[in-house]
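What follows is each chain in one-letter form.
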Amino acid sequence: MNSSTQTNQGVGNNTPNPVNQMVHRIVFAVALAHLLNDLIQAALPAIYPLLKDNFSLSFTQIGLISLVYQVTASLLQPWIGLYTDKHPKPYLLPLGMVVTLLGIILLALSSSFYMLLVSASLIGVGSSTFHPEASRVARMASGGRFGTAQSTFQVGGNTGSAIGPLLAAAIIIPNGQAATAWLILFACIAIWVLFRVSRWTINHAKTQLNKISAVPSVNLHGRTLKKALTILSILMLVKFTYIASLTNYYTFYLIKKFDLSLQDSQLFLFAFLAAVAVGTYFGGPVGDRIGRRAVIWVSFLGMAPFALLLPYANLLWTCILAIAAGLIMSSAFSAMVVYAQEAVPGRVGMVAGLMFGLMFGVSGIAAAGLGYLADINGIEWVFLICSYLPLLGIITLFLPNTQVKT
């Protein structure tokens, strides 16, 4: 199809399309698996204060644990996506969760800092196989409603990320490091769900791919494509550096500045992560309707005032501002993933791997770097510096507009 006649899915066209028949049970299944996967992942940073006390770790060592996890979760993802674009491996989904299961077992049994690093790396490897493949399945089952399917998939992960700290506060922290073995139950459920999803993929992949291939889209080429991907990468750097500051160090910030208990600080972290989950869901459907670029633009600059005020707020307003920032900024990710997948057709797995891999890689490097800076300058200084990051969202002005009016 000639690109001049193509239109962005769901943009400026509200006519019902028989192609747009989402396979809801599969989209919800991968969203549930994402919830379970990210619940396990979120439990790791949620117990950092516990591990810090148990092993007498510095902030730099906490940052290194996060770096090892995030790097292993990021480096493999684009390669797995690229390989499975050409050679589909449906059963890679449950197999990856088995690796996560092994990481959980080792985490519960760890007796040294180095064992913690190995367990974090195993959980990261499991995550690196999950995200590109599960994102591919969500798109496959979308029926052409790519943003809605991607945001549903993402909100599952963000919901799991929000539940993780609560689970840690309720079960792991009161009972000690060995209580992380309870996460084995969630991993086993995820393995079962992903096995069923893999069976559906084997039986229905060809039919679903034929359906979504009929959906019109806008493809970018040459310098325009390079420009778009460069800007998306910078925006990902900004977004996930800021998110890393809150996900990994928000509890430390609250304990330091407001003298909260560890368990109370986990409730504030839950409130922030729950807001991220809600914001993530709405970003996809809105992007289907008004365009991905508009969602990205609003999400970055819209949350900047809240981020800038947060370091100066009292406890109540710190909670409110963090919730507002998470709610608005989180709407961007689904739009960014779908934007990139539409810009590079035929490389769904590779693009998903790159986007999720960049997310984990940036988060890991940022966590390590911010931990180092916190050791030198203090955690409050780190939050002050990070509050200016969303202003870099101004570069969205230069993001190519894929919306074509018809």
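All values derive from a computational prediction rather than experimental measurement.

### With respect to the pattern of salt bridges
Phase 1 of the analysis: Taken as a whole and judged by the stated rule, the model has one salt bridge.
Phase 2 of the analysis: Note that Glu-133 and Arg-136 form a salt bridge whose closest N and O atoms lie 3.1 Å from each other. Note that Glu-133 and Arg-136 are positioned in helix 5 (residues 113-140) at a spacing of three residues, about one turn of the helix.
Phase 3 of the analysis: Among the residues examined, Glu-133 registers a relative accessible area of 5% and is labelled buried.

### Quick notes on the environment of Trp-381
Phase 1 of the analysis: Looking at the secondary structure, you find Trp-381 in helix 14 (residues 379-386).
Phase 2 of the analysis: You can call Trp-381 partly exposed: its relative accessible area is 34%.
Phase 3 of the analysis: Along the primary structure Trp-381 and Tyr-253 are separated by 128 residues, whereas in three dimensions their C-alpha atoms are 9.9 Å apart.

### A word on the nonpolar core
Phase 1 of the analysis: Of all hydrophobic cores here, the largest spans 105 residues; its most connected members are Tyr-242, Tyr-250 and Phe-272.
Phase 2 of the analysis: No other element matches helix 8 (residues 222-258), which puts 15 residues into this core.
Phase 3 of the analysis: Excluding anything up to four places from it in sequence, Tyr-242 contacts Met-303, Ala-307, Leu-310, Ala-325, Met-329, Cys-386, Ser-387, Leu-389 and Pro-390.

### Observations regarding the packing of aromatic side chains
Phase 1 of the analysis: Summed over all chains, the structure comprises nine aromatic pairs.
Phase 2 of the analysis: Between the aromatic rings of Phe-59 and Tyr-249, the centroid separation amounts to 6.5 Å while the plane-to-plane angle is 70°, which identifies the pairing as edge-to-face. Of this pair, Phe-59 sits in helix 3 (residues 59-86) while Tyr-249 is found in helix 8, placing the two residues 190 residues apart along the sequence. There is no split in this pair, since Phe-59 and Tyr-249 are both buried.
Phase 3 of the analysis: Taken together through their ring pairs, the aromatic side chains of Phe-59, Tyr-249 and Phe-252 make up a single cluster.
Phase 4 of the analysis: Cation over ring: Lys-52 sits above Phe-59, and NZ or CZ is 5.0 Å from the ring centre.

### Section: the environment of Pro-94
Phase 1 of the analysis: In this structure, Pro-94 sits in helix 4 (residues 92-109).
Phase 2 of the analysis: For Pro-94, a relative accessible area of 8% corresponds to the buried category.
Phase 3 of the analysis: Distance from Pro-94 to Ser-198, taken between C-alpha atoms, is 8.0 Å for residues 104 residues apart in sequence.
Phase 4 of the analysis: Other than its neighbours up to four places away in sequence, Pro-94 contacts Ile-191, Leu-194, Phe-195 and Ser-198.

### Remarks on the side chain of Ser-245
Phase 1 of the analysis: Tracing the backbone shows Ser-245 in helix 8.
Phase 2 of the analysis: Among the polar contacts made by the side chain of Ser-245, one reaches the main-chain carbonyl oxygen of Tyr-242 at a distance of 2.5 Å.
Phase 3 of the analysis: Apart from the residues within four sequence positions on either side, Ser-245 is in contact with Tyr-250, Leu-370, Phe-383 and Cys-386.

### Focus: the side chain of Thr-396
Phase 1 of the analysis: Within the secondary structure, Thr-396 is located in the segment after helix 14.
Phase 2 of the analysis: Residues contacting Thr-396, with those up to four places away along its chain left out, are Leu-235, Arg-293, Ile-296 and Trp-297.

### Quick notes on the confidence of the model for the protein
Phase 1 of the analysis: For the protein, the mean per-residue pLDDT works out to 79, and 84% of the residues sit at or above 70.
Phase 2 of the analysis: Mean pLDDT across the elements of the protein ranges from a minimum in helix 13 (residues 348-377), with 73, to a maximum in helix 4, with 91.
Phase 3 of the analysis: When the criterion is pLDDT under 50, residues 1-19 qualifies, and its contacts beyond four places in sequence or with other chains add up to 40 contacts.

What counts and what doesn't
Residues numbered from 1 in each chain as written. Predicted model: local features only at pLDDT ≥ 70, side-chain atom pairs only at ≥ 80, totals over all residues. Heavy atoms only, no water. Salt bridge = Lys/Arg side-chain N within 4 Å of Asp/Glu carboxyl O. Helix = DSSP H or I, 4+ residues; strand = E, 2+ residues; numbered from the N terminus. Buried < 20%, exposed > 50% of the residue type's maximum accessible area, 1.4 Å probe, protein only. Core = buried A, V, L, I, M, F, W, Y, C linked by side-chain atoms within 4.5 Å. Contact = heavy atoms within 4.5 Å. Phe/Tyr/Trp six-rings, centres within 6.5 Å; stacked < 30°, edge-to-face > 60°. Lys NZ or Arg CZ within 6 Å of the ring centre and 35° of its normal. Polar contact = N/O pair within 3.5 Å; in protein donor to acceptor, adjacent residues only side chain to side chain. pLDDT = per-residue confidence, 0-100.

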